[in-house]
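Here is what each chain is made of, one letter per residue.
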Number of protein chains: 2
Amino acid sequence: MLGCGTVGGEVVRLLREQATELAARAGAPVELVGVAVRRPQRHADLGELVTADASGLVTRDDVDVVVEVIGGIEPARTLLLEALKAGKSVVTANKALLAEDGAALAEAADASGADLYYEASVAGAIPLLRPLRESLAGDRITRVAGIVNGTTNFILSAMTESGASYAEALEEATRLGYAEADPSADVDGYDAASKAAILASLAFHTRVTSADVHCEGIREVSAADIAAAAGMDCVIKLLAICERTPADGDTPESVSARVHPAMIPASHPLAAVDGAFNAVFVEAEAAGQLMFYGQGAGGAPTASAVLGDLVAVARNRTVGGRGPRESTYASLPVRPMGTVPTRYHVSLDVADRAGVLSTIAGEFARHGVSIAAVRQTGGRPDGGPARLVVVTHTAPEAALAATVEVIAGLDAVRGVESVLRVEDLGRKGVAG
Amino acid sequence: MLGCGTVGGEVVRLLREQATELAARAGAPVELVGVAVRRPQRHADLGELVTADASGLVTRDDVDVVVEVIGGIEPARTLLLEALKAGKSVVTANKALLAEDGAALAEAADASGADLYYEASVAGAIPLLRPLRESLAGDRITRVAGIVNGTTNFILSAMTESGASYAEALEEATRLGYAEADPSADVDGYDAASKAAILASLAFHTRVTSADVHCEGIREVSAADIAAAAGMDCVIKLLAICERTPADGDTPESVSARVHPAMIPASHPLAAVDGAFNAVFVEAEAAGQLMFYGQGAGGAPTASAVLGDLVAVARNRTVGGRGPRESTYASLPVRPMGTVPTRYHVSLDVADRAGVLSTIAGEFARHGVSIAAVRQTGGRPDGGPARLVVVTHTAPEAALAATVEVIAGLDAVRGVESVLRVEDLGRKGVAG
């Protein structure tokens, strides 16, 4: 095992507590023979198992499987490539590495015939990658969308419940241990984007990396945005959305992956996913809509996923055979975000005088952005400030951004209060 | 392929439409070489593929995998045993056969080294068996509970929404094609019981057959029961519940599997699962609580699960290796239902006179059934009929049944309106 933090500690505990059961399931004892950590003196409880020589450990003769729970790109990448080249199978929870350079790992695994499993890298304990990779291997997945980052979900839930600002909610999340001292990976959406890249790759049999994922975090989500959403019977969630777009005329079939905050109907099941929980909807042509829900992070849940993979790899070693290889045969083009159409909710402070609505509506039309609904409130007879809310039909981000830029410069517009994406997940026929 | 009804027809369609994709995923073309049906003349569209000689087909040299979608015990069992003995792998959706005699199939598969996959047998398109068997192989599953029969869920949903009687709701379900002409397998709970046996076997590494599953259907659920549940902010669902009970003193660890209607809180996510949808909660020690949701039946969703298995089996054939074998090493004793404690909601018509409550409470106490809550309504000053509702703490079925029998015979009791199990699924910490 490489690393021994929260997840690693739980892996050690479960390996010891369930030794007999794991052996029965794997067909052979699953024995921990070494743990590489940076500071061995901090892990006295591991006795002689502990070492600072990670590189030596991953190529040792008595090692069949390397479990990596260090995280981050290096030294994890170098160590796992060494392990795979030496024919050791790998079980990893490292979403950042897989999303950035999963291809190198997959190629190394294929070259030596080793296994590469990474269920724990997305949505913690929720079995999601195996269903995508194996259960739905006979179906055409069209969409994967959900909440895959517990920290941002906790912050947005807190803002929704208490009306707190982003800064206040982040402070509470940090105090309770849901956010790290440097929260950037979570709140800027990078963690969710890594997961989206992994999900899109598996769902669409296409190599999608974190660089392909359009990524917006939640720092800009304001209490006013939350209130605007509530006014529409909606809540704001940070969503990871991976979609396949069918061919259309000369435009070939393509895929897209994006992470951004979005308004979703308060009645949608995803709206009820609170705190540190994750939930992911998968849509496939024959299967229809599926939902997976559970704990997306934490030591024990993540260790459960690691151990499930470990048993699978051990069983492959025992009875022969190998898990599914990386499947990228489809190689579909990845669509740039500027061309991915979504709906928008635009909230403006405007002067309440004749012609304002017409001018603004004209700008939307001029940019080819079709308006679905308009609501104006709070205008005073003297032409004082009013709130104008515009909800659009689906429009490309580039067109919407250009529209908002022009509108913001209009005399009659005092300010752009909020611009939010709207996801009508319910339209796809979610029951319940 | 054996059989070509609703599911089989979809399997054929998808095999044809996705031939290129399936070949890329399996590592070799997946070709349909024969379809055995009882009346070949009805399947002219299959041309020369169709045959009435099922036994000849399953042992043919050019057959690697047998997909069985006939259903029922015979001739499916004989044909699949022949196929497995001949080294053909099997993909089946046959819950009744697996629940009654899965051991014979598993042994035949082990003897010849063939694969036996059956994801489609439980919860249609929802990936559930593979997560239980593989993703959670490193964890200790403590409970599997959910809605696994769409027909009864449709009927109970209709009764709840419209106040219809069981007979009226069944008639509607039959008219809309959700219930078969002979609805017994669904409404008497046998279908759900087969699924519970399969789920319990996988979850607890113990052979559980349909004969081990306590099974009550929904025929006796009355409009009054539905109303009584609504009065408690609950709904009635037909649940399949598989539980592991830890060792306690001299009593060894054991498992139980049961299917019965139960009151669950209206706020629980399972309460929102309407119509023909299925949803299953899985609880494991490290993973915590997981939920799986989707379409539990229908041609295309079931075919999706069949094809996922088919690709897995084909890949095993192509790259070598074999799927997980049946795992029954734990061999835990199966607890008889009389000793499985659940909570109860008992609704009585009583004479509203002094001493009635005391007498009734005394009978509960005498049988060791502890009362959690009592509510009396509708009494008239002249001692006219009143409604007395008693909710118990967990009690063994035998003790509750004995209590109700005595109470029903009391002078002051005009009638036992309803006796319903209560499942506090929310107590286990479901979020959302």
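Residues numbered from 1 in each chain as written. Chains lettered and ligands numbered in written order. Predicted model: local features only at pLDDT ≥ 70, side-chain atom pairs only at ≥ 80, totals over all residues. Heavy atoms only, no water.

Participant: Explanation requested: the overall build of chain A in the structure shown.
Facilitator: When you go through chain A residue by residue, the secondary structure sums to 14 helices and 16 strands. A compact globule built from 432 residues should have a C-alpha radius of gyration of about 22 Å, and chain A, at 24 Å, falls within 12% of that. For chain A, the spread of C-alpha atoms along the principal axes amounts to about 80 × 50 × 35 Å. Sequence separation of 24 or more characterises 73% of the internal contacts of chain A that already satisfy a separation of 6 or more. About 16400 Å² of surface is accessible on chain A, with carbon and sulfur atoms providing 50% of the total. In chain A, the 37 positive side-chain charges and the 54 negative ones have mean positions that sit 2 Å from each other. (Helix = DSSP H or I, 4+ residues; strand = E, 2+ residues; numbered from the N terminus. Rg over C-alpha atoms; globule rule 2.2 N^0.38 Å. Contact = heavy atoms within 4.5 Å. Areas by Shrake-Rupley, 256 points an atom, 1.4 Å probe, with all protein chains shown as cover. Lys, Arg positive; Asp, Glu negative; His and termini not counted. Charge placed at Lys NZ, Arg CZ, Asp CG, Glu CD.)

Participant: So what exactly am I meant to see when it comes to helix α12 (residues 299–319) of chain B here?
Facilitator: Structurally, the α-helix is built with 3.6 residues per turn, so residues lying three or four positions apart point the same way. All names here are of chain B. Over its 21 residues, α12 extends 30 Å from the first C-alpha to the last, a length consistent with the 30 Å expected when each residue adds 1.5 Å. Within α12, 18 of the 21 residues are buried, which leaves the element mostly enclosed by the surrounding structure. G320 lies just past α12 and shows a positive phi near 90°. (Expected span 1.5 Å × (residues − 1). Buried < 20%, exposed > 50% of the residue type's maximum accessible area, 1.4 Å probe, protein only.)

Participant: I tried to follow the pairing of strand β10 (residues 277–284) of chain A on my own but got confused; where do I start?
Facilitator: Remember that side chains alternate between the two faces of the sheet whenever the strand is regular. All names here are of chain A. With respect to burial, β10 is a largely interior element, 8 of its 8 residues being buried. A two-sided burial pattern is seen for β10, the buried positions comprising F277, A279, F281 and E283 on one face and N278, V280, V282 and A284 on the other. As paired elements, strand β6 (residues 141–147) and β10 share 6 bridges and run antiparallel to each other. Looking across to β10, one finds that R143 is bridged to E283. Relative to strand β11 (residues 288–295), β10 runs antiparallel, the two being bridged by 8 bridges. Looking across to β11, one finds that V280 is bridged to F292. Counted along the chain from β10 to the antiparallel partner β11, the turn is 3 residues long. (Pairing = 2+ DSSP bridges.)

Participant: Just to check I follow, could you spell out the interface of chain A and chain B for this structure?
Facilitator: In many analyses, interface size is given as the accessible surface area lost on bringing the parts together. Across the boundary between the two partners, chain A contributes 48 residues, which contact 48 residues of chain B. Interface area, chain A with chain B, both sides summed: about 4400 Å², of which 53% is carbon and sulfur. By the criterion of area lost to chain B, the three top residues of chain A are A:R25, A:R140 and A:Y293, representing 14% of everything that side buries. Connecting chain A to chain B are 4 salt bridges. Salt-bridge contacts for A:E21 lead to B:R140; the nearest nitrogen and oxygen are separated by 2.7 Å. Put simply, the parts of the chain that give the side of chain A that touches chain B at least two residues each are α1 (6–17), α2 (19–26), α6 (129–135), β11 and α12 (299–319) of chain A. The biggest single contributor to the side of chain A that touches chain B is β11(A), with 8 residues. (Buried area = accessible area lost by both parts, 1.4 Å probe. Salt bridge = Lys/Arg side-chain N within 4 Å of Asp/Glu carboxyl O.)

Participant: Hey, could you run me through the environment of B:V37 in this one?
Facilitator: Residue and element names in this part refer to chain B. Along the chain, V37 falls in the loop between β1 (35–36) and β2 (50–51). A residue is classified by how much of its surface remains accessible, and V37, at 9% relative accessible area, is buried. Between the C-alpha atoms of V37 and A399, which are 362 residues apart in sequence, the distance is 50 Å. Residues within four places of V37 in sequence aside, it is in contact with G3, C4, H43, V50, T51 and A52.

Participant: Explanation requested: the relation of the copies chain A and chain B in the structure shown.
Facilitator: What relates the two chain copies is a rotation about an axis together with a slide along it. Its rotation angle being 180°, the transformation that places chain A on chain B also includes 0.0 Å of axial translation and leaves an RMSD of 0.0 Å. Both copies are brought into coincidence by an operation consistent with a two-fold rotation axis. Taking the C-alpha atom as reference, chain A places A:G321 closest to the rotation axis, 1.8 Å from it. By residue overlap, the copies meet face to face through one surface: 100% of the interface positions of chain A are interface positions in chain B. (Least-squares fit on C-alpha atoms with pLDDT ≥ 70 in both.)

Participant: Sorry if this is basic, but what is going on with the domain arrangement of chain A here?
Facilitator: Per the domain assignment, the segments of chain A are domain 1 (6–124 + 300–319), domain 2 (129–297) and domain 3 (341–424). Taken over C-alpha atoms, the centre of domain 1 of chain A sits 52 Å from the centre of domain 3 of chain A. (Domains from an automatic or database assignment.)

Participant: Before we go on, may I ask you to explain the packing of aromatic side chains in this structure?
Facilitator: In this description, an aromatic ring pair is defined by two values, namely the gap between the centres and the angle between the planes. One pass over the full model with this rule turns up 5 aromatic pairs over all chains. Relative to A:Y293, the ring of A:F277 lies with its centre 5.3 Å away and its plane at 10°, an arrangement referred to as stacked. Taken together, the residues A:F277 in strand β10 and A:Y293 in strand β11 connect sequence positions 16 residues apart. Neither residue differs from the other here; A:F277 and A:Y293 are each classed as buried. Between B:R133 and the ring centre of B:Y117, over which it is positioned, the NZ or CZ distance is 5.4 Å. (Phe/Tyr/Trp six-rings, centres within 6.5 Å; stacked < 30°, edge-to-face > 60°. Lys NZ or Arg CZ within 6 Å of the ring centre and 35° of its normal.)

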